[in-house]
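Structural features, examined
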Amino acid sequence: MAELVITGLHVDVETEHGPKEILKGVNLTIRTGEIHAIMGPNGSGKSTLAYAVAGHPKYMITSGSVMIDGVELTELSVDERAKAGLFLAMQYPVEVPGVSTSNFLRTAKTALDGEAPKVRTWPKVIASALETMELDPSFSGRSVNEGFSGGEKKRGEIVQLDVLNPKVAILDEIDSGLDIDAVRMVAEGINRYAAQGDRGVLLITHYTRILRYTEPTHVHVFVDGHVVASGGKELSEELEIDGYDKYLKAARS
Ligand SMILES: Nc1ncnc2c1ncn2[C@@H]1O[C@H](COP(=O)(O)OP(=O)(O)OP(=O)(O)O)[C@@H](O)[C@H]1O
Ligand SMILES: [Mg+2]
């Protein structure tokens, strides 16, 4: 099972003028085997949703619930949420100077599995994941994301997804800044992950291109802190042509 259920989620961000509400009642259910895409204008709160679900301390959940397979995440630490099966690829991946990609993933994998991966086979696991994403083997020894190009960071997130193999993956603009071939490569990585069956994917994107390769089962329009419309893949094609005007007008009225 890999079911992510978000119910009535309200989230504030701390500003210098006090708390400001960004998420205004998000409801979203991703069932096992589904790929959901969220599209929405800049500043509508998509990344806030991703961060709040993952447990970033800057975002305060004021009400609502986030569950993976019946386990409530909102009271858990970031690590505990990861242990419950959640993975977040951030819009702006964080650099971790001094920690090699291989060691970082080994520590994360050990925490998730409750036992360390075998020393003998570990380098092969990393090498194979890097090769699939067409990243040079030297990335294994490089500090996490440090000095990586924009596209290399995004490919690196898929390496992490591949190695950690969580229940539910939230991928925030994983397709931004990728070259033409890399979009396909990243999409194939997502498809490989989803094809295991008992996995859930939430893909936040501005572009229909990645959705053509990943075949989302559901597409949601996100405006002003909540989901305002849901449909199938055709909804993303409609947005590509018409933009968000209709939804923004409805939100204002
Ligand atoms: N510290 C802060 N003070 C004021 N506003 C903030 C603060 N942090 C975040 N916000 C606002 O929260 C809103 C939601 O931001 P968020 O990053 O979630 O948007 P997004 O939908 O991911 O946009 P994009 O498509 O550009 O990535 C934005 O309007 C942003 O300016
Ligand atoms: Mg964002």
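A short tour of the structure in this document, coming up. (Residues numbered from 1 in each chain as written. Chains lettered and ligands numbered in written order. Predicted model: local features only at pLDDT ≥ 70, side-chain atom pairs only at ≥ 80, totals over all residues. Heavy atoms only, no water.)

What to know about the overall build of the protein
Summing up its helical and strand segments, the protein has nine helices and twelve strands in all. A compact globule built from 253 residues would reach a C-alpha radius of gyration of about 18 Å, and the protein, at 18 Å, matches this within 12%. Dimensions of the protein along its principal axes, counting C-alpha atoms only, are 60 × 40 × 35 Å. Contacts spanning at least 24 positions in sequence make up 69% of the contacts within the protein whose residues lie at least 6 apart. Each charge class in the protein can be summarised by its mean position, and for the 26 positive and 36 negative side chains these summaries are 3 Å apart. (Helix = DSSP H or I, 4+ residues; strand = E, 2+ residues; numbered from the N terminus. Rg over C-alpha atoms; globule rule 2.2 N^0.38 Å. Contact = heavy atoms within 4.5 Å. Lys, Arg positive; Asp, Glu negative; His and termini not counted. Charge placed at Lys NZ, Arg CZ, Asp CG, Glu CD.)

Quick word on the side chain of S65
Here S65 lies in strand β4 (residues 59–68). Side chain to side chain, S65 and E72 meet in a polar contact 2.8 Å long. (Polar contact = N/O pair within 3.5 Å; in protein donor to acceptor, adjacent residues only side chain to side chain.)

Structural notes on unusual backbone geometry
Positive phi, close to 45°, is recorded for D69, a residue that is not glycine. With respect to the secondary-structure elements, D69 resides in the loop between β4 and β5 (71–72). With relative accessibility at 23%, the residue D69 sits in the partly exposed group. Notably, N145 is not glycine yet its phi reads approximately 65°, a positive angle. With respect to the element layout, N145 can be found in the loop between β8 (143–144) and α5 (150–164). (Buried < 20%, exposed > 50% of the residue type's maximum accessible area, 1.4 Å probe, protein only.)

Points about the sheet that holds strand β10 (residues 200–204)
If you trace the six strands from one edge of the open sheet to the other, you get β6-β9-β10-β3-β11-β12, paired in mixed fashion. Where the open sheet ends on each side, the last strands, each with one partner, are β6 (86–89) and β12 (226–231). The average angle at which neighbouring strand axes cross in this sheet is 20°, direction not considered. In terms of strand pairing, strand β3 (residues 35–39) meets β10 through four bridges, oriented parallel. (Pairing = 2+ DSSP bridges. Axes fitted to C-alpha atoms, helices over the stretch in contact; angles between N-to-C directions.)

Concerning the packing of aromatic side chains
One pass over the full model with this rule turns up two aromatic pairs. Arranged with centres 5.4 Å apart and planes meeting at 5°, the rings of Y51 and Y59 form a pair that is stacked. When sorted by exposure, Y51 lands in the same class as Y59, which is buried. Note on F139 and F148: the rings are 4.8 Å apart at their centroids and 85° apart in plane angle, and the pair reads as edge-to-face. (Phe/Tyr/Trp six-rings, centres within 6.5 Å; stacked < 30°, edge-to-face > 60°.)

Points about the environment of A169
Take A169: it is sitting in strand β9 (residues 168–172). Distance in space between the C-alpha atoms of A169 and V201 is 5.0 Å, their sequence separation being 32 residues. The residues touching A169, leaving out its near neighbours within four places in the chain, are F87, L161, Y193, G200, V201 and L202.

Some points on the coordination of the magnesium ion (ligand 2)
Every protein donor of the magnesium ion (ligand 2) is accounted for by S47 (OG) and Q91 (OE1), and the metal-donor separations fall at 2.0 to 2.1 Å. Separated by 44 residues along the polypeptide, S47 in helix α1 (residues 46–54) and Q91 in the loop between β6 and β7 (96–100) bring together distant segments of the chain. Q91 matches S47 in its accessibility class, with the two residues each being buried. (Donors = N, O, S within 2.8 Å, 3.2 Å for Na, K, Ca; no water.)

Regarding α5
Under the 1.5 Å per step criterion, the end-to-end length of α5 is 21 Å for 15 residues, consistent within 8% with the ideal 21 Å. Summarising burial for α5: twelve of the 15 residues are buried, a large majority. Residues G151, K153, K154, R155, G156, E157, I158, V159, Q160, L161, V163 and L164 constitute the buried set of α5. Those residues of α5 that are buried are in contact with β6, α3 (101–113), α4 (122–132), β8, β9 and α6 (180–194). Just downstream of α5, N165 is the residue with a positive phi angle, here 45°. (Expected span 1.5 Å × (residues − 1).)

Focus: the sheet that holds strand β1 (residues 4–15)
Taking strand neighbours across the sheet as the criterion, the four strands line up as β2-β1-β4-β5 in an open arrangement whose pairing is antiparallel. Of all strands in the sheet, those with a lone pairing partner are β2 (18–30) and β5, marking the two edges. Packed onto the sheet, α1 meets β1, β2 and β4 and runs at close to 105° relative to β1.

All we've got here are geometric facts, nothing functional implied.
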